[in-house]
4 protein chains.
Amino acid sequence: MKSQIVTFLIQCPDQKGLVAKITSFFFEKGFNILSCQQYVNSIENTYFMRIRLNAEGTILSKKELETNFLELATPLKFKWSVHYGDKKQQVAILVSHTSHNLYDLLERYKEGNLNCTVKMIISNHEKLRPVAEMFQVPFYYLPVDKNDKLLQETQLIQLLNKHQIDLIILARYMQILSADFINTYPEKIINIHHSFLPAFQGANPYLRAYERGVKLIGATAHYATEDLDEGPIIEQDVKPVTHESTPTTLKKIGADIEKLVLARAVNNHLNHQIIVSGNRAIVFPETGE
Amino acid sequence: MKSQIVTFLIQCPDQKGLVAKITSFFFEKGFNILSCQQYVNSIENTYFMRIRLNAEGTILSKKELETNFLELATPLKFKWSVHYGDKKQQVAILVSHTSHNLYDLLERYKEGNLNCTVKMIISNHEKLRPVAEMFQVPFYYLPVDKNDKLLQETQLIQLLNKHQIDLIILARYMQILSADFINTYPEKIINIHHSFLPAFQGANPYLRAYERGVKLIGATAHYATEDLDEGPIIEQDVKPVTHESTPTTLKKIGADIEKLVLARAVNNHLNHQIIVSGNRAIVFPETGE
Amino acid sequence: MKSQIVTFLIQCPDQKGLVAKITSFFFEKGFNILSCQQYVNSIENTYFMRIRLNAEGTILSKKELETNFLELATPLKFKWSVHYGDKKQQVAILVSHTSHNLYDLLERYKEGNLNCTVKMIISNHEKLRPVAEMFQVPFYYLPVDKNDKLLQETQLIQLLNKHQIDLIILARYMQILSADFINTYPEKIINIHHSFLPAFQGANPYLRAYERGVKLIGATAHYATEDLDEGPIIEQDVKPVTHESTPTTLKKIGADIEKLVLARAVNNHLNHQIIVSGNRAIVFPETGE
Amino acid sequence: MKSQIVTFLIQCPDQKGLVAKITSFFFEKGFNILSCQQYVNSIENTYFMRIRLNAEGTILSKKELETNFLELATPLKFKWSVHYGDKKQQVAILVSHTSHNLYDLLERYKEGNLNCTVKMIISNHEKLRPVAEMFQVPFYYLPVDKNDKLLQETQLIQLLNKHQIDLIILARYMQILSADFINTYPEKIINIHHSFLPAFQGANPYLRAYERGVKLIGATAHYATEDLDEGPIIEQDVKPVTHESTPTTLKKIGADIEKLVLARAVNNHLNHQIIVSGNRAIVFPETGE
């Protein structure tokens, strides 16, 4: 396996001795434990762990590691996944007309601050093609036929599968995706919603924020699920606003929040910091990695 | 009128020359303008002003000032109010079981940081009487008869009117007040709700915040209106939380937000910084007053 | 003058009647006052006003307006400036190796969210030329000769003057400019410093923040003055950090703060929201403009 | 030991297998590990752990536990401490004239939100005796003789030792304590400083913040060390301010920050969340405890 970082994400029923058993397992196999983060949900009696390992000292192959781990995992009823540092994730960004999140993600990518390969930008409009070209990322135009929306989704799935996409980012993509599409990519679609959910679910959140006279506006990044704007929340942030703000200025103030919130959520996902449990996302803080 | 601070709050249809006309009026009557804050809502074409005056240089009586001002106000269709610094507002605080907001307000009052007289604390329970006694503020116990809720409201109104209460603070008062009661005190009842409205309106916001897995929790101070949790928002704030938070720890974190938000809203009201327009509260920032 | 926005920035000794006199002046000349913001510093007894006017209703030319205004301004000892909406400001951005602020500013510019013309990017290194080219902004490479630093400054001044630059943005420009250079452009150079000044003035603020073990890091945008990092502060912001942060992760977290802080400061300047008084910057909030 | 919470704080040179060894130790002795938080400082190659245990399942006495643990700790060069949940910490609060932090701490104490016994309030002035009496906490007046400051410190030490005080809170205590005094209570004195350190060390931070024209003010809670305002930082927070703020209003805004920051730091200490390493405080986040 050479010297690479291996990350395990584990959830299971809580019970005595879990941390000792898991960490001893990896220690005995020759791994160096870089960080080991846990969370116990004592209401639901469940246990969560994110453990990052340096594989330098082990002689196991990936396959052997996984086979061995299964022997630990099965009796303890682990739901688990393993992620290897030598596998770069393939990302697709979906957009419509709004460009600020796209610019922000591409700039971070270009600067080496997104640990992935942005394989493609896909849009139902041609408008943002020039942004893709500026950053030299392939752009695919997949227009939506109002009378047959599923046609475009089929094309979308073909394109995503052909390129073995690991993560789909809805960076202000203004089409509602079907439940079938969503369920094809569980916990692999991150959406940015321009309000502090659950406030202002649905359309036009800034206009409604203006009308309600709120004193702060926000943004929420979450995994997409069948129920629109109801998926597990990964990141949220807000900014104070005043009565002076119009729907137009709210949109501008909000754009900066959306950028930060989406970028943080994407980074959390790419670094394997997230475990989803029911409708809640456990997001372990970044360690000094 | 002697040397005192006089504050006018004005709203009217927007039109040319308003600020010149209003400020010239006060200048000619001998007032010194300490601050003059405006807001134009260009969507609804309305104009708002808060103007603070030092009355030292005028020879007008209060009555003369108001009669004179009416001549300016009527043709320009002002909706206005005037507030004199020598009149201290009389405040009643309503509570049930929860004490943190009560402690916080009484500490600020005791320290001279609430510009009012706290005339009384009223509760439907005896539990917080000792807090009132610590701070030497009269405590009234008005229990609610489940079969005749209006009876207690009638007693409440009698008590409030007898003491000429100017502002009613619902500091975690857990009874729903009738529309009749609310409408008796328009823009004179401030409520603290323990969520960032419009998220989690109604009961148990911290439990629902936990279940929804939000990454920030908040509090909202607003004027009470007939529609529960729907009144004009004065102040809001939030704090980040993580998956580690339980409903119990959310309650604790939230208590600190509630204290700050309610205290700021009450101060804004007592300093006459607020003009309500429809369901929105224009809250002018404090000037160096 | 046609229908354009005219902004006056005024400071003078405080005295009775100022707002009435100034607003009456503009009202009588046919201007519509869009917003009128004031600040009284009662410690130094000075008065500040930012007033925005719509010139649609006036028949005055720019020249006549200024001549007339002088009659008001002189006896009241105004220090003032006037800014016309039809004059777009010419901006130069100076950079060295670090690109995040440059990307951020150029993205906002491209999106139409910076009210100016970015005439050029100037650098003492070639490294960021590709970024300038992506956004199709002219790039000038002006290397510094260690033995004759003033030579480059002379070239810089020639370049800036030739293009009539109104605002110089030091977007992580890592050369110390001479007092002579700075004084050539008073209140026209905005610098971003990567700490919450006055903490960590000078070099390597993130390393020193790590070493001091602070629990928040920040950024400060300020006008450049002779004394390094001592000029009037326009904008500041911070983010919480934990012991997990290394100097490297602090740098990453800080980059997002720097971007927001510099962009806000530049916008405040371009919208003529700032009046400098001594070493303090009065920054009027954006109105619904 | 019965069913109680036991917390170990450990620091040592980093090496392979630490988490496995430590957690296995406790698992084998019959403890249930409630939470286990780690931090690796890869710059200094040091390892830190906070581990919380439920002692229900163990048959060891405290003494046996510590003797056994020593066998693990010595070869691995642990610097460690153990804290038992059945031992309530004894706290002394030192104040001078300013009361907001005192009120805040006492309210939290009274409400059951400070896990300690506040044994006494000590002051060099009589002014805050009534606050102590309101909350029924013993008050000691220890005036300072300008010509012999050490005399009062000697009395102070006698009083603190007599009552076996575990934690000394300097809640705006305006006397400089001698190095001897400070070194008598290493990591047992928490001070609140009214600025975001290292900005505005020393006297009058709000006045200096005004003069410097900063756009945010803050507060810092830290362990007191010989060097004034240089000790390990536990908590910091800030609030945005504007040019409108005077030194007086900064003081008021700052008071709310000081209250929150000191209360959080004290709670972190009382919950054994802090390990000091050099001049940095590792503060583990509260788990759902």
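Residues numbered from 1 in each chain as written. Chains lettered and ligands numbered in written order. Predicted model: local features only at pLDDT ≥ 70, side-chain atom pairs only at ≥ 80, totals over all residues. Heavy atoms only, no water.

1. A word on the overall build of chain A
In step 1: Summing up its helical and strand segments, chain A has 8 helices and 13 strands in all.
In step 2: For a compact globule of 289 residues, the expected C-alpha radius of gyration is about 19 Å, and chain A comes in at 21 Å, within 12% of that figure.
In step 3: Each of the three principal axes of chain A carries a C-alpha extent, and together these read 60 × 40 × 35 Å.
In step 4: Going through the 289 residues of chain A one by one, you find that 60% of them count as buried. (Helix = DSSP H or I, 4+ residues; strand = E, 2+ residues; numbered from the N terminus. Rg over C-alpha atoms; globule rule 2.2 N^0.38 Å. Buried < 20%, exposed > 50% of the residue type's maximum accessible area, 1.4 Å probe, protein only.)

2. Topic: the environment of Lys259(D)
In step 1: For Lys259(D), the location among the structural elements is in helix α8 (residues 247-270).
In step 2: Taking the C-alpha atoms as reference points, Lys259(D) and Lys239(D), separated by 20 residues in sequence, lie 13 Å from one another.
In step 3: For Lys259(D), the contacting residues outside a window of four places in its chain are Asp104(B), Glu107(B), Arg108(B), His100(D), Asn101(D) and Asp104(D). (Contact = heavy atoms within 4.5 Å.)

3. Some details on the relation of the copies chain A and chain B
In step 1: With an RMSD of 0.0 Å, chain A superimposes on chain B once it is rotated by 180° and translated 0.0 Å along the axis. Both copies of the chain, as the preceding transformation shows, are related through a two-fold rotation axis. Within chain A, the C-alpha atom positioned nearest to the axis of rotation is that of Ala199(A), 2.2 Å from it.
In step 2: Of the interface residues in chain A, 100% have counterparts in chain B that sit at the interface too, so the contact is made through matching surfaces. (Least-squares fit on C-alpha atoms with pLDDT ≥ 70 in both.)

4. Some words on the interface of chain A and chain B
In step 1: Opposite the 36 residues of chain A that make contact, chain B presents 36 residues.
In step 2: Between chain A and chain B the total buried area reaches about 2900 Å² when both faces are included, carbon and sulfur atoms providing 57% of it.
In step 3: Among the residues chain A hides against chain B, the three largest losses belong to Arg212(A), His243(A) and Arg280(A). Together they make up 26% of the total.
In step 4: On the surface where chain A and chain B come into contact, there are 0 salt bridges. (Buried area = accessible area lost by both parts, 1.4 Å probe. Salt bridge = Lys/Arg side-chain N within 4 Å of Asp/Glu carboxyl O.)

5. Considerations on unusual backbone geometry
In step 1: In this structure, Pro198(A) follows Leu197(A) across a cis peptide bond, with omega equal to 10°.
In step 2: Structurally, the position occupied by Pro198(A) is in the loop between β9 (189-193) and α7 (205-212).
In step 3: A positive phi is found at Lys77(A), a non-glycine position, where the angle reads about 60°.
In step 4: Mapped onto the fold, Lys77(A) is located in the loop between α2 (62-73) and β4 (79-84).
In step 5: Look at Gln136(D): it is not a glycine, yet its phi comes out positive at around 55°.
In step 6: Positionally, Gln136(D) belongs in the loop between α4 (129-134) and β7 (139-141).

6. As for the domain arrangement of chain A
Residues and elements named next belong to chain A.
In step 1: The domain boundaries assigned to chain A delineate domain 1 (5-84) and domain 2 (89-283).
In step 2: Taking the mean C-alpha position of each, domain 1 and domain 2 sit 31 Å from one another.
In step 3: Taken together, the 11 residues of domain 1 in the interface contact 9 residues of domain 2.
In step 4: Across the interface of domain 1 and domain 2, roughly 810 Å² is buried in total on both sides, 58% from carbon and sulfur atoms. (Domains from an automatic or database assignment.)

7. Some points on the packing of aromatic side chains
In step 1: Here the structure, examined in full by the defined rule, presents 58 aromatic pairs over all chains.
In step 2: Seen in terms of ring centroids, Tyr39(A) and Phe48(A) are 5.4 Å apart; in terms of plane orientation they differ by 20°. Their pairing is stacked. As far as burial versus exposure is concerned, Tyr39(A) and Phe48(A) are alike and both buried.
In step 3: Between the aromatic rings of Phe26(C) and Phe31(C), the centroid separation amounts to 5.8 Å while the plane-to-plane angle is 90°, which identifies the pairing as edge-to-face.
In step 4: Note on Phe26(C): relative accessible area 0%, which makes it buried. (Phe/Tyr/Trp six-rings, centres within 6.5 Å; stacked < 30°, edge-to-face > 60°.)

8. Describing the pattern of salt bridges
In step 1: Under the counting rule described, the total for this entry stands at 44 salt bridges over all chains.
In step 2: Between Lys259(A) and Asp256(A) there is a salt bridge, with its nearest N and O atoms 3.5 Å apart. Here the residue Lys259(A) and the residue Asp256(A) both occupy positions in helix α8 (residues 247-270), the gap between them amounting to 3 residues, near one helical turn. The pair Lys259(A) / Asp256(A) is uniform in exposure class, with both members buried.
In step 3: Of the charged contacts in the structure, one is a salt bridge between Asp256(A) and Arg108(C), with a shortest N-O distance of 2.8 Å.

9. Thoughts on the sheet that holds strand β2 (residues 32-41) of chain A
By definition, the strands of a sheet pair up through backbone hydrogen bonds, in either a parallel or an antiparallel sense.
Residue and element names in this part refer to chain A.
In step 1: Pairing in this open sheet of 4 strands is antiparallel, and the strands run β2-β3-β1-β4 from one edge to the other. Since the sheet does not close on itself, it has two edges, and those belong to β2 and β4, each with one partner. The average undirected angle you get between the axes of adjacent strands in this sheet is 10°.
In step 2: Where strand β1 (residues 5-13) meets β4, 6 bridges bridge the pair, whose relative direction is antiparallel. Opposite Ile10, over in β4, you have Trp80 as the bridge partner.
In step 3: Where helix α1 (residues 18-28) meets the sheet, its contacts fall on β1, β2 and β3 (46-54), and the angle it forms with β3 comes to roughly 20°. (Pairing = 2+ DSSP bridges. Axes fitted to C-alpha atoms, helices over the stretch in contact; angles between N-to-C directions.)

10. Some details on helix α1 (residues 18-28) of chain C
Because each turn of an α-helix spans 3.6 residues, side chains separated by three or four positions in sequence point in the same direction.
In step 1: Most of α1(C) sits out of view: 8 of its 11 residues are buried.
In step 2: Buried within α1(C) we find Leu18(C), Val19(C), Ala20(C), Ile22(C), Thr23(C), Ser24(C), Phe25(C) and Phe26(C).
In step 3: For α1(C), the elements touching its buried residues are α1 (18-28) and β2 (32-41) of chain B together with β1 (5-13), β2 (32-41), β3 (46-54) and α2 (62-73) of chain C.

11. Brief notes about the environment of Asp256(C)
In step 1: With relative accessibility at 18%, the residue Asp256(C) sits in the buried group.
In step 2: Separated by 152 residues in the primary sequence, Asp256(C) and Asp104(C) have C-alpha atoms spaced 9.6 Å apart.
In step 3: The contact partners of Asp256(C), leaving out residues within four places of it in the chain, are Arg108(A) and Leu260(A).
In step 4: Only 3.5 Å separates the side chain of Asp256(C) from the side chain of Lys259(C), close enough to count as a polar contact. (Polar contact = N/O pair within 3.5 Å; in protein donor to acceptor, adjacent residues only side chain to side chain.)

12. Details of the interface of chain C and chain D
In step 1: In this assembly, 36 residues from chain C lie in contact with 35 residues from chain D.
In step 2: The junction of chain C with chain D conceals about 2900 Å² of combined surface from both sides, 57% of it contributed by carbon and sulfur atoms.
In step 3: Of all residues in chain C, Arg212(C), His243(C) and Arg280(C) give up the largest surface area on contact with chain D, accounting jointly for 26% of the area buried on that side.
In step 4: For the pair chain C and chain D, the number of links is 0 salt bridges.
In step 5: For the interface between chain C and chain D, the tally reads 18 residue pairs in polar contact (both at pLDDT 80 or more).

13. A look at the nonpolar core
In step 1: Among the nonpolar cores identified, the biggest contains 200 residues, and Ile93(A), Ile93(B), Ile93(C) and Ile93(D) are the most heavily contacted of them.
In step 2: If we ignore the near neighbours within four places in the chain, the residues touching Ile93(B) are Leu102(B), Leu105(B), Leu106(B), Val118(B), Met120(B), Ile121(B), Ile122(B), Ile169(B) and Ala171(B). (Core = buried A, V, L, I, M, F, W, Y, C linked by side-chain atoms within 4.5 Å.)

14. Brief notes about the pairing of strand β8 (residues 167-170) of chain B
Consecutive side chains of a regular strand alternate in pointing toward one face of the sheet and then the other.
Residue and element names in this part refer to chain B.
In step 1: Burial along β8 is two-sided: Leu167 and Ile169 facing one way and Ile168 and Leu170 facing the other are all buried.
In step 2: Where strand β5 (residues 90-95) and β8 come together, 4 bridges link them in parallel fashion. Counterpart to Ile93 in the pairing with β8 is Ile169.
In step 3: For β8 and strand β9 (residues 189-193), the ladder comprises 3 bridges, and the chain directions are parallel. Across the sheet, residue Ile169 finds its bridge partner in β9, namely Ile190.
In step 4: The handedness of the β8 to β9 crossover, carried by helix α6 (residues 179-184), is right-handed. (Right-handed = clockwise from strand over helix to strand, strands pointing away.)

15. As for a negative patch on the surface
In step 1: A contiguous patch of negative charge on the surface is contributed by Asp180(A), Glu226(A), Asp227(A) and Glu230(A).
In step 2: Mapped onto the fold, Glu230(A) is located in the loop between β10 (216-223) and β11 (233-240). (Patch = residues over 30% accessible without salt bridge, like charges linked within 9 Å, V, L, I, M, F, W, Y side chains within 5 Å. Areas by Shrake-Rupley, 256 points an atom, 1.4 Å probe, with all protein chains shown as cover. Lys, Arg positive; Asp, Glu negative; His and termini not counted. Charge placed at Lys NZ, Arg CZ, Asp CG, Glu CD.)

16. Side note on the environment of Pro198(D)
In step 1: Considered as a pair, Pro198(D) and Glu153(D) are 45 residues apart in the sequence and their alpha carbons are 27 Å apart.
In step 2: In this view, Pro198(D) contacts Ala199(C), Phe200(C), Arg212(C) and Val214(C); residues no more than four positions away in its chain are not counted.

17. Quick look at the packing of helix α7 (residues 205-212) of chain C against helix α8 (residues 247-270) of chain C
Residue and element names in this part refer to chain C.
In step 1: Running from N to C, α7 and α8 point in directions that differ by 120°, and their axes come no closer than 9 Å. In terms of orientation, α7 and α8 fall into the oblique class. Crossing handedness for the pair α7 and α8: right-handed. For the pair α7 and α8, contact is made by Tyr206, Leu207, Ala209 and Tyr210 and by Pro247, Leu250, Lys251, Gly254, Ala255 and Glu258, respectively.
In step 2: Of the residues that constitute the contact of α7 with α8, the class distribution is 7 nonpolar, 1 polar and 2 charged. (Parallel < 35°, antiparallel > 145°, perpendicular 65-115°, else oblique. Left-handed = near helix turned anticlockwise from the far one by under 90°. Nonpolar A, V, L, I, M, F, W, Y, C, P; charged D, E, K, R; others polar.)

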